[in-house]
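# Descriptive structure summary
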Amino acid sequence: MRVLVVEDAPDLGEQLRQRLSAEAYAVDLARDGEEGRFLGETEPYDVIVLDLGLPRIDGLSVLRHWRAKGIDVPVLILTARAAWHEKVQGIDAGADDYLAKPFNMEELLARLRALIRRAKGHASAVITCGPVALDTRSGRVTLNGEVVDLTAYEYKVLDYLMHRQGQVVSRAELTEHVYAQDFDRDSNTIEVFVGRLRRKLGNGLIGTVRGLGYRLETP
Ligand code: CA
């Protein structure tokens, strides 16, 4: 899953980037409202963390701009503590959730998981497909109840396909959702990850739709 963090406080921005990367997100970090607005408009994120107090363009204006453009990615806003009017304005502007600073990192991670699940139509934190179960909280994948060891990128690919199961996902789409913007992307490596996932999880799970991409279906 790909996440955009728009946060001007250098320490918090870096802390978010590191923690989210460790949780298998592909993370882009924008340091001001202008850069954040541009990235949110041009890159296909699965979720966005948006600070409201930002240099150049404030967070509320950024959010209103995205929504006016029809960009419906889930957005969690970071508000100043006890500023209830910021929360109200943020939700009215199209935010899906909010957290007051200072916040607990585990709570932020849980809220992001929930936003991604809901946006992709899943109610439970454990997503299953036939014999395969992926626990979005622990990052644990099991096959018939047995834990399967996956590398970070194998997990990222499977995570995206599991959230989009039944739908055709192109290699280009997978590439955009498992790599951050500054990463030297090579869509051929996606094929390698899919090949390894098939070896580890059985050949029937990830189907190839000729000329279009992959589709994860209940075997
Ligand atoms: Ca700020």
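Residues numbered from 1 in each chain as written. Predicted model: local features only at pLDDT ≥ 70, side-chain atom pairs only at ≥ 80, totals over all residues. Heavy atoms only, no water.

### Quick word on the coordination of the calcium ion
Binding of the calcium ion to the protein goes through Asp8 (OD), Asp51 (OD) and Gly53 (O), at separations of 2.2 to 2.3 Å. As a motif over one chain, the donors of the calcium ion read D-x42-D-x1-G. You can see Asp8 sitting in the loop between strand S1 (2-6) and helix H1 (10-22) and its partner Asp51 sitting in strand S3 (residues 47-51), a full 43 residues away along the chain. Of the residues examined, Asp8 reaches a relative accessible area of 29% and is grouped as partly exposed. For Asp51, a relative accessible area of 5% puts it in the buried group. (Donors = N, O, S within 2.8 Å, 3.2 Å for Na, K, Ca; no water. Helix = DSSP H or I, 4+ residues; strand = E, 2+ residues; numbered from the N terminus. Buried < 20%, exposed > 50% of the residue type's maximum accessible area, 1.4 Å probe, protein only.)

### Details of the sheet that holds strand S10 (residues 168-169)
The 3 strands are arranged S10-S12-S11 in an open sheet whose pairing can be described as antiparallel. The sheet is open, and its two borders are formed by S10 and strand S11 (206-209), each paired with just one other strand. With 2 bridges connecting them, S10 and strand S12 (residues 213-216) associate as antiparallel partners. Its bridge partner lying in S12, Val168 is registered against Arg215. Where helix H6 (residues 152-163) meets the sheet, it contacts S10, S11 and S12, and its direction lies at approximately 65° from that of S12. (Pairing = 2+ DSSP bridges. Contact = heavy atoms within 4.5 Å. Axes fitted to C-alpha atoms, helices over the stretch in contact; angles between N-to-C directions.)

### A look at H6
The periodicity of an α-helix, 3.6 residues per turn, causes residues three or four positions apart to be oriented the same way. Here H6 is 12 residues long and its end C-alpha atoms lie 17 Å apart, about the 16 Å a rise of 1.5 Å per residue gives. For H6, the buried fraction is high: 10 of the 12 residues fall into the buried class. Inspection of H6 places Glu154, Tyr155, Lys156, Val157, Leu158, Asp159, Tyr160, Leu161, Met162 and His163 among the buried residues, and these make up the whole buried set. (Expected span 1.5 Å × (residues − 1).)

### So, the pairing of strand S8 (residues 140-143)
When strand S7 (residues 132-135) meets S8, the two strands line up antiparallel, connected through 4 bridges. Within S8, the residue paired with Leu134 across the bridge is Val141. Hairpin remark: S7 followed by S8, antiparallel, with 4 residues in the connecting loop; positive phi at Gly139, about 75°. Where S8 lies against strand S9 (residues 146-148), 3 bridges are found, and the strand directions are antiparallel. By the bridge assignment for S9, Leu143 is matched with Glu146. Connecting the antiparallel pair S8 and S9 is a turn made up of 2 residues, with Asn144 showing a positive phi of about 50°.

### Concerning the packing of H6 against helix H8 (residues 187-201)
For the pair H6 and H8, the least separation of the axes is 9 Å and the interaxial angle reads 85°. When the interaxial angle is binned, H6 and H8 end up roughly perpendicular. Contacts between H6 and H8 involve Tyr153, Glu154, Val157 and Leu158 from the former and Ile190, Phe193, Val194, Arg196, Leu197, Lys200 and Leu201 from the latter. The residue inventory of the contact of H6 with H8, partitioned by class, reads 8 nonpolar, no polar and 3 charged. (Parallel < 35°, antiparallel > 145°, perpendicular 65-115°, else oblique. Nonpolar A, V, L, I, M, F, W, Y, C, P; charged D, E, K, R; others polar.)

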